[in-house]
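Chains, contacts and geometry: an overview
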Amino acid sequence: MEPGTRVRIKKNNVTYEGILMPSATDNIVLKLDNGYNVGLRPENAVVEQIESYNSEIKEQPVIEEVMTGREGLPQLTILSTGGTIASRVDYRTGAVSPQFSTHDILAAIPELGEIANISGRVIYSILSENMRASYWQKLAREIYNEINNGAYGVIVTHGTDTMGYTASALSFMIRTPVPVVLVGSQRSSDRPSSDAAMNAICAARVACSDLAEVVVVMHGTTSDDFCYIHRGTKVRKMHTSARNAFQSVNSAPIGKVDYTASDVTKLSVEFMSEHAHRGDNKLELHAELEERCALVKFYPGATADIIDYLVERGNRGIVLEGTGLGHVSADWIPTLERVIRDGIPVVMTSQCLYGTVCDRVYDTGRDLIRAGVIEGMDMLPETALVKLMWVLAQTSDMDEVKRLMQTNVAGEITARRANL
Amino acid sequence: MAIDYARVGLRAGLEIHQQLDTGTKLFCKCPTVLRDKKDARYSFIRYLRASKSELGEVDAAARAEARYSRTFIYKAYDTTCLVENDEEPPGELNPEAIDIALEIALMLNMNIVDEIHTMRKIVIDGSNTCGFQRTALIATDGWLTTEEGRVRVDSLCLEEDAAQKIEERADGSVVYSLDRLGIPLVEIGTAPDIRTADQARNVAEQLGMILRSTGKVKRGLGTIRQDINISIDGGARVEIKGVQNLRLIGTIVDNEITRQLKLMELMHELNNRGGRVEHRIVDLSDIFRDTASRVIRRAGGLVYGACLRGFAGILGTELQPGRRFGSELADFAARYGTGLMHTDELPAYGITSAEIARMRSVFGASESDCIVIVAADTRSRAENALNEVLNRAEEAMRGIPKETRRALPNGSSAYMRPLPGAARMYPETDVPPVEIDPLRLKDLSSRLPETFEHRIGRYKRQFGLNDELATKIGRSSNYELFEAIVRAYKVAPTLVARTLTDTMVELTREGVELENLTGQQIHDIFRLLAANEFGKEAIPEILRYIANKPDQTVERAIEELGLRTSMADVERFIEDTVASKRDFIFEKGERAVGPLMGIVMREFRGKVDGKKLNSMLKTKVLELLEANKGD
């Protein structure tokens with residue numbers, strides 16, 4: 001019998017009545033009329049069908065009026081990549097389905113309609129760990145088109161796992177005259193406590209602000225009190241589950257949005273550091289990427305075989321996540337020297353994340369520089385990887401690669417690091 | 001007034017929530033300890049939101065309010081973690097808690113599911129940081145027996161306790177403490193098989209005892225909460241929440257029956273009179289511009305009112321001790337933070353007859369009408385409050401509303417909210433289902449605490465109690481104390497059992513607060529009795545004394561009550577008595593003992609065991625008769 005069928009099950013003198021649920025095991029899972037699910041082993045169970053599955057009686061979504069097209073409000077586009085900011089629970093079956101349409105999003109977060117006129121579109125429906133460079137490229141083109149078509153700002157909903165990578169990639173690929181805001185949620189949108197709505201509302205507010213960069217807007221603290229605006233190239237997910245997982249590394253956030261649940265029209269954006277203003281940039285798209293780049297984390301005892309392997313497999317550039325100021329074992333130096341001589345750029349970043357790479361302090365570092373390793377300054381390893389893909393799509397000249405890697409393009413390199 | 005339960009058609013069920021005494025919480029490794037709120041390490045704020053379809057409330061105003069939700073402030077401790085904060089996925093269901101729940105289910109003769117599925121039950125009052133309570137159905141279809149018959153036990157759920165509300169601030173925000181959130185508890189619901197108030201109390205007591213007999217449930221204030229479902233013929237199902245005191249259960253049942261019967265009377269009365277609720281809210285502020293009423297001035301000076309045609313005397317009718325129909329209406333006004341006043345109780349609150357007369361003329365109200373007014377600071381607050389009141393007044397002419405009520409300390413109850421519909425539940429996908437191994441059940445079954453039936457049989461065999469007394473003490477919560485005392489001291493088991501059952505019931509009925517007594521004090525009573533420090537007749541007197549002065553020792557009680565007697569004094573008194581009644585003894589012979597016993601008992605009742613006195617007296621009398629024979 002298929003899930004959704006109403007059945008009566010007799011087992012050990014007890015009668016259970018309810019609706020069959022999908023089961024991950026051999027056990028029968030039944031949703032009882034009191035709302036509880038129970039699992040029953042099929043042995044000695046007599047199952048009797050009462051009603052067949054009737055899709056007609058599927059819980060009808062409550063159609064709620066949503067505000068669309070209010071005069072005087074800016075036009076924002078929400079592009080969805082699979083990170084859900086809205087979802088609906090079917091209480092009859094317990095299924096949770098993500099919602100993407102403009103209507104669905106506005107029904108779940110009607111406050112968005114008080115901030116802007118929203119139009120929503122689905123680009124991907126994937127978990128963010130399944131993202132890849134070619135998806136970033138398509139996304140960049142979509143954003144470019146939206147801005148070209150007059151969007152006052154663009155919001156991208158994204159799974160949080162790799163949101164930092166995407167933000168970084170978009171930062172290099174698009175020169176934007178308007179805000180491009182990535183947003184996600186750490187606590188699933190099927191729970192009343194989800195951070196999705198507040199993050200989305202703050203993101204919408206930022207998308208209307210005087211900003212012209214690719215940014216990530218997420219909770220600033222565990223409280224529902226404000227969101228930070230992080231520069232796309234400087235942001236990193238630093239916690240597996242907490243709301244304030246996203247942090248700016250080696251720079252202060254660009255700004256913050258104070259949140260008031262009772263009146264979202266009163267949300268104010270406070271800028272905390274320098275940033276590009278609306279209209280500072282002319283819209284440009286440089287969406288080419290050399291996907292064949294790798295990020296390698298060094299650990300004590302790791303051998304350089306991995307480098308040979310990666311090069312053999314066709315990789316065109318390598319970012320190392322070294323120790324401390326930017327080191328790998330001295331044993332690696334001959335290998336690195338060889339692959340660099342063969343035209344494979346190697347960029348050094350630090351697994352400390354905080355602070356800048358400086359290979360002039362210790363012998364190993366000096367040897368690495370002599371071998372041709374490019375210091376990745378204070379770039380995040382992930383940002384350096386994405387940037388290397390972007391740079392290698394433009395040039396294979398080793399000197400030019402080095403020059404570009406060490407030139408600040410999208411805020412990824414900070415000239416001065418304050419004591420944070 | 002005695003209630004004829006069968007005639008009113010009482011159907012009642014109980015729902016009991018009992019915290020389990022596990023080492024860690026239900027979904028994380030935090031200890032299950034309650035904290036001093038001053039020890040909170042940090043706090044954070046959250047909002048909760050739910051789509052309209054999840055709210056279940058019909059009231060549009062409440063719905064709009066809920067969309068934006070109130071501000072919730074959570075206090076966290078070094079004994080709480082990211083799971084309570086809703087910052088980390090829950091761990092797996094605590095196996096220790098599952099075992100305790102299974103044990104309780106077995107003792108209640110329940111059928112246990114093969115696989116436990118944790119659900120999310122939507123709760124957006126802030127008491128759960130995630131906006132839902134995690135709960136799992138463990139067992140169904142059990143039963144327990146009472147003297148009045150079998151009561152079915154419908155369900156046993158294992159769930160997480162909620163955060164504790166510690167403050168509601170003036171700005172509408174609510175402060176919760178996270179220490180209690182996540183403590184495992186079992187929720188046990190009976191079928192509506194309870195037919196009398198006494199039976200309700202018995203069932204609650206028995207459930208409490210079964211829970212305690214596991215030795216794995218928490219004890220003390222707030223660790224067990226009882227809700228009662230009550231309905232009568234022609235009435236409505238009403239759920240009364242938060243009964244803390246077991247002894248109140250009977251009173252609550254009686255008071256709710258009375259309330260529903262009274263409401264039915266009022267309904268008939270109103271229909272006979274042709275009562276009518278006028279939904280016309282009038283601004284009466286002008287009348288009270290220069291009022292002497294501090295209540296009105298303090299509330300903000302605005303007064304709005306409406307007229308209930310033909311309602312005179314209705315609002316003043318008492319439904320329960322200390323609660324009139326007017327109090328029921330006032331509960332609704334209170335939802336908007338306003339008080340309610342009505343002409344059944346006026347003049348009062350500084351409102352004068354002249355002001356009442358002016359109100360009456362505004363509405364063209366006669367003596368048979370009742371005017372209800374609220375004082376507030378804003379028009380909308382007053383109107384919202386009055387609309388609630390008018391709707392409830394109108395309902396009084398149609399019947400008794402289904403509702404959730406809050407138990408009050410005197411056994412009455414106040415309106416809380418409408419009876420919730422079916423709970424909105426969906427699977428907690430973060431917690432994998434747990435299959436129950438039949439071997440685990442077998443193992444638990446073999447180690448269950450003793451059943452009542454077994455214990456009663458054992459008491460008859462082991463201590464020679466009769467059937468009636470064995471049943472009473474066997475089902476009593478004092479059974480452990482009984483066994484300990486009988487094992488420790490040379491005292492008659494029947495006396496101990498009688499004391500711990502009948503005597504205590506009688507004293508409680510008298511109003512003696514026996515809960516003040518400690519087990520140690522009761523031990524001491526029997527220890528000193530065994531040592532002949534006083535006579536068994538004095539036990540009720542000692543209990544009464546200690547209950548009133550719980551910090552006194554039993555020794556002190558014996559002293560204070562003048563129960564301590566030296567046997568030499570007793571002997572002297574008996575000798576003197578016998579000496580002074582020589583002629584009577586010579587006349588009656590051995591039969592003189594009976595009447596003389598009266599004199600001796602008057603002196604030593606409770607101080608010396610009657611049997612002992614009797615034998616001493618008899619000895620002296622026989623000695624005298626013997627000596628006389630020799631003369």
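What you see is a predicted model, and the numbers here were worked out from it, not measured in a lab.

1. Things to note about the pattern of salt bridges
In a structure, side chains of opposite charge can pair up when their charged atoms sit close to one another. Evaluation of the coordinates by the stated rule reveals 93 salt bridges over all chains. For the salt bridge of Arg498(B) with Asp502(B), the shortest nitrogen-to-oxygen distance reads 2.6 Å. Placement of both Arg498(B) and Asp502(B) in helix H15 (residues 493-510) is noted, with a separation of four residues, approximately one turn of the helix. A residue is classified by how much of its surface remains accessible, and Asp502(B), at 17% relative accessible area, is buried. Each of Arg187(A), Asp190(A), Arg191(A), Arg243(A), Arg46(B), Asp86(B), Glu87(B), Arg120(B), Arg134(B), Glu160(B), Glu428(B) and Asp430(B) takes part in salt bridges that share partners, so that together they form one network.

2. Structural notes on the domain arrangement of chain A
All names here are of chain A. Under the domain assignment used here, chain A contains domain 1 (6-51), domain 2 (64-285) and domain 3 (293-405). At the interface, 16 residues of domain 2 touch eleven residues of domain 3. Three residues stand out in domain 2 for area buried against domain 3, namely Phe172, Arg236 and Asn250, and they jointly supply 44% of the buried area on that side. Between Arg236 and Glu382 there is a salt bridge, with its nearest N and O atoms 2.9 Å apart.

3. Comments concerning unusual backbone geometry
A cis geometry characterises the amide bond from Leu346(B) onward to Pro347(B), with omega recorded as 5 degrees. Summarising the element assignment, Pro347(B) is placed in the loop between strand S19 (341-342) and helix H9 (353-363). In this model, Asn13(A) sits at a positive phi of 65 degrees, which is unusual for a non-glycine residue. Phi is positive for Met377(A), which is not a glycine, with a value near 50 degrees. Positionally, Met377(A) belongs in the loop between strand S23 (374-375) and helix H9 (381-392). By relative accessible area, which is 27% here, Met377(A) ends up partly exposed.

4. Points about the nonpolar core
Grouped together as the largest cluster of nonpolar side chains are 150 residues, with contacts concentrated most on Leu156(B), Leu158(B), Phe311(B), Phe482(B), Phe534(B) and Ile542(B). Not counting chain neighbours up to four residues away, the residues in contact with Phe534(B) comprise Ile525(B), Leu528(B), Leu529(B), Ile539(B), Ile542(B), Ile558(B), Leu563(B), Gly606(B), Lys607(B) and Val608(B). Among the nonpolar cores identified, the runner-up in size contains 85 residues, and Val156(A), Met218(A), Val264(A) and Leu267(A) belong to it.

Each value, and the rule that gives it
- Residues numbered from 1 in each chain as written.
- Chains lettered and ligands numbered in written order.
- Predicted model: local features only at pLDDT ≥ 70, side-chain atom pairs only at ≥ 80, totals over all residues.
- Heavy atoms only, no water.
- Salt bridge = Lys/Arg side-chain N within 4 Å of Asp/Glu carboxyl O.
- Helix = DSSP H or I, 4+ residues; strand = E, 2+ residues; numbered from the N terminus.
- Buried < 20%, exposed > 50% of the residue type's maximum accessible area, 1.4 Å probe, protein only.
- Domains from an automatic or database assignment.
- Contact = heavy atoms within 4.5 Å.
- Buried area = accessible area lost by both parts, 1.4 Å probe.
- Core = buried A, V, L, I, M, F, W, Y, C linked by side-chain atoms within 4.5 Å.

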